[in-house]
Amino acid sequence: MQIKKLVIFFFVAFTLFTSCQDYGKKVTINETSEVYYDGVGDTLAKKLGDFLLKQGYFTTTEERAVQLLKEDGTYIVKFVVNKERFSQDEETALIGFKIWQMWLQDSVFYGAKTKLMLADATMKDIAEVGELTELEKKELTETETITTDLETDSTIN
């Protein structure tokens, strides 16, 4: 649970809302959250938005948007990031985004190939997130095990 909170924090800390330009069709998730989409149906775009709302990325207090595309059988999800903040701690941010990519692939796209992109406010690509390396997966598993052990240790000394 701690990793999820950490990932959401970093994810939100590095993102900001895109201005309304022609980024495809649009589905509104709530008063501040939108998913732009092209190459997929509105049902899938809504599912992505609902997932992001449930996970705490979309809120009712901050304006946010993502773009969902499908190219050559791969789902591409673009998140706008503040380039300055991203570059301050790129390594940590990328690990957080890699975890989000894994969640989206499993929970929204049923295991289909998924690529998460970081973009500027005009949806111009800044970086491809990539997948977790074996070392990153191992480190995350160890961190989760340590956190879980600490949370479940209810003995009082």
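About the thresholds
Residues numbered from 1 in each chain as written. Predicted model: local features only at pLDDT ≥ 70, side-chain atom pairs only at ≥ 80, totals over all residues. Heavy atoms only, no water. Helix = DSSP H or I, 4+ residues; strand = E, 2+ residues; numbered from the N terminus. Expected span 1.5 Å × (residues − 1). Buried < 20%, exposed > 50% of the residue type's maximum accessible area, 1.4 Å probe, protein only. Arc of directions from axis to C-beta. Contact = heavy atoms within 4.5 Å. Patch = residues over 30% accessible without salt bridge, like charges linked within 9 Å, V, L, I, M, F, W, Y side chains within 5 Å. Areas by Shrake-Rupley, 256 points an atom, 1.4 Å probe, with all protein chains shown as cover. Salt bridge = Lys/Arg side-chain N within 4 Å of Asp/Glu carboxyl O. Lys, Arg positive; Asp, Glu negative; His and termini not counted. Charge placed at Lys NZ, Arg CZ, Asp CG, Glu CD.

Peer 1: Hey, could you go over helix H2 (residues 42-54) for me, with residue numbers and the actual values?
Peer 2: Taking 1.5 Å of rise per residue, 13 residues should cover 18 Å, and H2 covers 18 Å from first to last C-alpha, within 8% of that figure. If you check which residues of H2 are buried, you get Leu44, Ala45, Leu48, Gly49, Phe51 and Leu52. Down the axis of H2, the buried side of the element spans an arc of 160 degrees, and every buried residue falls inside it. H2 presents Thr43 and Lys54 as exposed residues on the side facing more than 90 degrees away from its buried surface. Residues of H2 that are buried make contact with strand E1 (25-30), strand E2 (33-38), strand E3 (64-71), strand E4 (74-80) and helix H4 (90-107).

Peer 1: Report on the side chain of Gln101, specifying residues and quantitative values.
Peer 2: Mapping Gln101 onto the fold places it in helix H4. Setting aside chain neighbours within four positions, we find Gln101 in contact with Thr114, Lys115, Leu116, Val129, Gly130 and Glu131.

Peer 1: How would you summarise a negative patch on the surface if you had to cite specific residues and measurements?
Peer 2: Where like charges cluster on the molecular surface, the negative patch consists of Asp22, Asp38, Glu71 and Asp72. Here Asp72 is to be found in the loop between E3 and E4. Asp72 gets classed as exposed once you look at its relative accessible area, which sits at 84%.

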